[in-house]
Amino acid sequence: MIFLHRAFQAVVAIMLVGFTVALLTSIGFTGLLSVMLCLTLTIVLFIKYKNSNQLQEKITQFLNNSKLLKIAIVINLAINLMILLYVGTHFQINDVSDPLNVQIKATELLQNNLNWHTNEEYFYFYPNTVFFTILLSKVMKAGLFFHLSIQMTITLFKVIILFGISIFSLATIWALTKKLRHVFAGSLLLLALPVMYLYPNMVTYTDTLTMFLTTIILYFIAEVFTVKSKIGIVVSSLFITVLYSVLFLTKANLIILVPAILAIVIIALVKHSKLTLRTLLVLVTLILGLGIANSVQKPLEQHYGFDASTKEQMGLPVTHWINMGLNTDPYNNKGAYSLADDNFARQSKMDKNTTYITDSIKNRIKTLGITGLFTQITDKTKTLLGDPLFGYGKYQSGFSKVPNQFIQNESRYHMLFNLISMFLILLTFIRMFFLLFNDSVFKAASENAQLFFYLIGVSSVGLFLFHTVVWEVEPRYFLPLLYPLLLSSYLLPSVESGINYNVHPSKIFVSLLSLLTVGVVGLTILSNKVPTVTSGNIEYQARISISQPISLSKTMSFKLPVTSDSDTIKVNLPINSKIRVETSDKQPFINEGGKYVLHGMFKKGQTITVNLSSVDKTDKTEMIWLYQQPTLYKKLFHGSPIHLNNHDYYLPYEMDRNYQLPDTVQN
């Protein structure tokens, strides 16, 4: 057993070191300096706390007062919920790409449109999104039953399951430790870590649901490990089976939970653990969940009009994602999604010769060699674990609704959230390292807590290896196990850090260090101000027909709302000498960077009218590309449309605040 424990320590430590290096190398020098100063100040304050008997006594009294701890936990959860609700209702993004495709189809299913074909056959090439699309349409239908708008329904759906992550995470800690102080510490981390408030709360896609399902499955596994009644074990096992089948249908990469629990079964057998049969039961329930998922998937999809034969003909093979994981595209993150690889795989499938993809994998491995593969893995590690916010900004093209003050300082807020997230993750890792290499901590922990800690560690390493060695990579892919990994540090008893508390930092030193830290962090945030897209109809990437050619046979007028103070308007049409673009008061747009651009002072609340016309009034042949509003539960585009052929068409434009120009726009 000692060999298995040392192997566990080694692989988890390597992953945590890779995680740490990926984070520290992704934020730039000033960001790195800020985080290091924050960590140093925290250690110094911790030493001061240890040297202060009076402060220690007060905190110990608080931690030993179960009533106060319960109140504090409830307060933390209430604030957590309020932040989720505020962000969900006040920050609405312009959806793009996969989430946009899924939401449009879910809206169509709600209207009994069972035709899954699109102009680029998105769903038949990527059938892994079909189940979530069906589920999302059911969520929309439930909201309509309660007379809620679909927008509000989707918002509440995300908020509820994200808050569910907080609830079930704390319930898991309590089930395994029965210590309120550990639950309280976990509630603080859940409250302060900004990850769940951003990407999972803003983007309507599979990742948010996957995070919730993983968390609740882990909770029921903890229940199987700890509950005494046979009925409780049976009920928890049934929940694991059903939930895991839904999880697998939503996100197949969480299949790594099966080999992870198999590893725990082996550890339990070697330890002669009393929980061996319970770990075997969990393994059986996960396998049953896989069986249910595979048996219901085809009839469920067919019930909603998804054609199995077309899926077989067009669905991309698993080798496609392995091949993308080996790409070294210099214009893209190595091993991440590649449009070239995507087109190559589609063509191979249409040619009915997917061996082309297999040959590509072999050629790439041969070309990379051992050193190249190692470099590829390190680069993919940086992509997977190097984003402190794990996907914020992904799948969005600006905001459709956002507070004016935020949009003017978005890059600064982004840096602030990055610093907070990185600081908390690294601080938690420091604690985990002390726990990981202190054997007395494991001996002091209960057996079920030990096995669960092993499970989280093995699962995290498995997910890490799956995406850095085998599969394609995106930061959001680690989200399902991010919170379980961080919160696992509260499953084991507290341990003395080994810091020399005989050191007595003076008040002057602490004050100077505090001022230096606040100053560096403040300057890092304030200096991170870059031009920001405020609003508009901006590059809506989707594999559906949105952009359409329209004949400019007469003058077209579009009224564009100024939703946030701006100083630049861009009309995203190719420059054409035969087309005139101007405002209603004849201010012409100029050619700047291949776009029609107008600079000026545009205040929030204004409406700018933009007219498009042919220079030659007799010429009826000039074409322009406009956005056509698809079927969707919300208005996708902004500004007034023109109505042609029973469709609404919108102008491709954006409004920016360009900080490289004189700051003429005032609040």
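Above this text you will find the structure in question.
So, here is what we can say about the structure in this document. In this text the structure is predicted, and so the values were computed from the model without any measurement.

## What about the overall build of the chain?
Turning to step 1, where the next piece is worked out: Along the chain, the regular secondary structure elements total 24 helices and 14 strands.
Turning to step 2, where the next piece is worked out: Whereas a compact globule of 667 residues would reach a radius of gyration of roughly 26 Å, the chain reaches 27 Å, a difference of no more than 12%.
Turning to step 3, where the next piece is worked out: Over its C-alpha atoms, taken along the principal directions, the chain stretches across nearly 90 × 70 × 55 Å.
Turning to step 4, where the next piece is worked out: Within the chain, buried positions represent 55% of all 667 residues.
Turning to step 5, where the next piece is worked out: For the chain, the proportion of contacts with a sequence separation of at least 24, taken over those separated by at least 6, is 81%.
Turning to step 6, where the next piece is worked out: As displayed, the chain has an accessible area near 29400 Å², and 64% of this comes from carbon and sulfur atoms.
Turning to step 7, where the next piece is worked out: Counting 53 positive and 37 negative side-chain charges, the chain places the centres of these two groups 11 Å from one another.

## Observations concerning the pattern of salt bridges
Turning to step 1, where the next piece is worked out: Using the criterion set out here, one finds 13 salt bridges in the structure.
Turning to step 2, where the next piece is worked out: Of the charged contacts in the structure, one is a salt bridge between Arg-6 and Asp-439, with a shortest N-O distance of 2.9 Å. Of this pair, Arg-6 sits in helix α1 (residues 2-24) while Asp-439 sits in helix α21 (residues 439-444); the two residues are 433 residues apart in sequence, bridging distant segments of the chain.
Turning to step 3, where the next piece is worked out: Here Asp-439 falls in the partly exposed class, since its relative accessible area comes to 28%.
Turning to step 4, where the next piece is worked out: Where Arg-364 meets Asp-341, a salt bridge forms, and the shortest distance between an N and an O atom there is 2.8 Å. Residue Arg-364 is found in helix α18 (residues 355-385), and its partner Asp-341 is found in helix α17 (residues 339-350); the two are separated by 23 residues along the sequence.

## Here we look at the sheet that holds strand β10 (residues 607-614)
Turning to step 1, where the next piece is worked out: Spatial strand order, β5-β10-β7: 3 strands in an open sheet with antiparallel pairing. Of all strands in the sheet, those with a lone pairing partner are β5 (556-561) and β7 (579-583), marking the two edges. The average undirected angle you get between the axes of adjacent strands in this sheet is 20°.
Turning to step 2, where the next piece is worked out: Taken together, the 5 bridges between β7 and β10 define a ladder with antiparallel strand orientation. Directly across from Glu-582, in β10, lies its bridge partner Asn-611.

## Some thoughts on the sheet that holds strand β11 (residues 623-628)
Turning to step 1, where the next piece is worked out: The strand order across the open sheet built from 4 strands is β4-β11-β13-β12, with neighbouring strands paired in antiparallel fashion. Every interior strand has two partners, whereas the edge strands, β4 (547-551) and β12 (642-644), have only one. Within the sheet, the average angular offset between the axes of one strand and its neighbour, ignoring direction, is 50°.
Turning to step 2, where the next piece is worked out: By the bridge criterion, 3 bridges tie β12 to strand β13 (residues 647-650) in an arrangement that is antiparallel. Pairing of Ile-642 across the sheet is with Tyr-649, part of β13.

## Details of the environment of Gln-297
Turning to step 1, where the next piece is worked out: In this structure, Gln-297 sits in helix α14 (residues 276-303).
Turning to step 2, where the next piece is worked out: Residue classification places Gln-297 among the partly exposed residues on the basis of a relative accessible area of 22%.
Turning to step 3, where the next piece is worked out: In this structure the C-alpha to C-alpha distance between Gln-297 and Phe-131, which are 166 residues apart in sequence, comes to 7.9 Å.
Turning to step 4, where the next piece is worked out: Excluding residues within four positions of it along the chain, Gln-297 makes contact with Leu-249 and Lys-311.

## Regarding the packing of α17 against α18
A pair of packed helices is captured by two measures, namely the crossing angle of their axes and the spacing between those axes.
Turning to step 1, where the next piece is worked out: Following both chains from N to C, one finds α17 and α18 inclined at 140°, their axes separated by 9 Å at the closest point. With respect to each other, α17 and α18 are oriented oblique. Residues Asp-341, Phe-344, Ala-345 and Ser-348 of α17 form the contact with α18, whose participating residues are Tyr-356, Ile-357, Ser-360 and Arg-364.
Turning to step 2, where the next piece is worked out: Here the residues of the contact of α17 with α18 are counted per class, giving 4 nonpolar, 2 polar and 2 charged.

## Describing the packing of α18 against helix α22 (residues 447-470)
Turning to step 1, where the next piece is worked out: The geometry of α18 relative to α22 is characterised by a closest axis approach of 8 Å and an angle of 130° between their N-to-C directions. Judged by the inter-axis angle, α18 sits oblique to α22. Taken as a pair, α18 and α22 cross one another with a handedness that is right-handed. Contacts between α18 and α22 involve Ile-377, Lys-380, Thr-381, Leu-384 and Leu-385 from the former and Phe-464, His-467, Thr-468, Val-469 and Val-470 from the latter.

## Some words on the nonpolar core
Turning to step 1, where the next piece is worked out: Judged by nonpolar contacts, the single largest core of 168 residues is most densely connected at Phe-19 and Phe-452.
Turning to step 2, where the next piece is worked out: If one sorts the elements of this core by residue count, helix α11 (residues 206-226) sits on top with 13 residues.
Turning to step 3, where the next piece is worked out: Contacts of Phe-19, omitting those with residues within four sequence positions, involve Leu-385, Phe-390, Ile-425, Phe-429, Phe-478, Leu-482 and Leu-485.

So, how was this worked out
- Residues numbered from 1 in each chain as written.
- Predicted model: local features only at pLDDT ≥ 70, side-chain atom pairs only at ≥ 80, totals over all residues.
- Heavy atoms only, no water.
- Helix = DSSP H or I, 4+ residues; strand = E, 2+ residues; numbered from the N terminus.
- Rg over C-alpha atoms; globule rule 2.2 N^0.38 Å.
- Buried < 20%, exposed > 50% of the residue type's maximum accessible area, 1.4 Å probe, protein only.
- Contact = heavy atoms within 4.5 Å.
- Areas by Shrake-Rupley, 256 points an atom, 1.4 Å probe, with all protein chains shown as cover.
- Lys, Arg positive; Asp, Glu negative; His and termini not counted.
- Charge placed at Lys NZ, Arg CZ, Asp CG, Glu CD.
- Salt bridge = Lys/Arg side-chain N within 4 Å of Asp/Glu carboxyl O.
- Pairing = 2+ DSSP bridges.
- Axes fitted to C-alpha atoms, helices over the stretch in contact; angles between N-to-C directions.
- Parallel < 35°, antiparallel > 145°, perpendicular 65-115°, else oblique.
- Nonpolar A, V, L, I, M, F, W, Y, C, P; charged D, E, K, R; others polar.
- Left-handed = near helix turned anticlockwise from the far one by under 90°.
- Core = buried A, V, L, I, M, F, W, Y, C linked by side-chain atoms within 4.5 Å.

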